[in-house]
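A closer look at the structure
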Amino acid sequence: SMFAIVRFPNEMCTVGSTMGLCVTATECSDLGGTKIGDCARGYGTCCYKAIKCGESSSMNVTYIQNADYPGTTSSSGTCTHMIMRQDNVCKLRLDFVDFELSDPYRVDS
């Protein structure tokens, strides 16, 4: 029997306005991501991953969201996310897609 092994780079991919990482379907599942489309000429899966408070990720291109997203939250407090870098990563880049802070001088009566 004949079969071909297809290799493709794990690069960023975009479906609509949402970015993901181009991996195999199995890798996407193993990383806890969700398929949002195809990439690498249909050989790859554009994998989307979002984490909420207390969750972690080792996947490049991870969205950090509040528990009520896409709604806003009025609660305050501390929220921790763990980003585990891969051995070949030496920089972390944060892009704020949908970010809003309350007025720091506002006093609720």
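Described below are features of the structure shown in this document. Owing to the predicted nature of the structure, the values given are computational and were not obtained by experimental measurement.

Focus: the pattern of salt bridges
Tallied over the entire structure, the rule returns two salt bridges. Across the salt bridge formed by Asp95 and Arg93, the nearest N and O atoms sit 2.7 Å from each other. Classification of Asp95 by relative accessible area gives partly exposed; the value is 46%. According to the relative accessible area criterion, Arg93 is exposed, its value standing at 64%.

What about the state of the cysteines?
For the structure on display, the rule yields four disulfides. Here Cys13 engages in a disulfide with Cys46; their sulfurs sit 2.1 Å apart. Residues Cys13 and Cys46 are joined through a disulfide that is right-handed, its torsion about the S-S bond being 105 degrees. You can see Cys13 sitting in strand E1 (residues 12-15) and its partner Cys46 sitting in strand E4 (residues 44-48), a full 33 residues away along the chain. Neither residue differs from the other here; Cys13 and Cys46 are each classed as buried. Described in terms of the sequence order of its bonded cysteines, the disulfide pattern of the protein chain is 1-5, 2-4, 3-6, 7-8.

Some points on the pairing of E1
Inspection of the sheet shows E1 paired to strand E2 (residues 18-23) by four bridges, in the antiparallel sense. Opposite Thr14, over in E2, you have Met19 as the bridge partner. The hairpin turn running from E1 into E2, its antiparallel successor, is two residues long, and Gly16 in that turn takes a positive phi close to 65 degrees.

Observations concerning unusual backbone geometry
With the exception of glycine, the majority of residues adopt a negative phi angle, and the majority of peptide bonds are in the trans configuration. The residue after Tyr69, namely Pro70, is reached through a cis peptide bond having omega 15 degrees. Looking at where Pro70 falls in the secondary structure, it is placed in the loop between strand E7 (63-64) and strand E8 (82-83). For Ala40, which is not glycine, the phi torsion reads 50 degrees and is therefore positive. Looking at the element boundaries, Ala40 is found in the loop between strand E3 (34-39) and E4. Of note, the phi angle at Val61 is positive, near 65 degrees, even though the residue is not glycine. Looking at where Val61 falls in the secondary structure, it is placed in the loop between strand E6 (56-57) and E7.

Calculation criteria
- Residues numbered from 1 in each chain as written.
- Predicted model: local features only at pLDDT ≥ 70, side-chain atom pairs only at ≥ 80, totals over all residues.
- Heavy atoms only, no water.
- Salt bridge = Lys/Arg side-chain N within 4 Å of Asp/Glu carboxyl O.
- Buried < 20%, exposed > 50% of the residue type's maximum accessible area, 1.4 Å probe, protein only.
- Disulfide = S-S within 2.5 Å.
- Helix = DSSP H or I, 4+ residues; strand = E, 2+ residues; numbered from the N terminus.
- Pairing = 2+ DSSP bridges.

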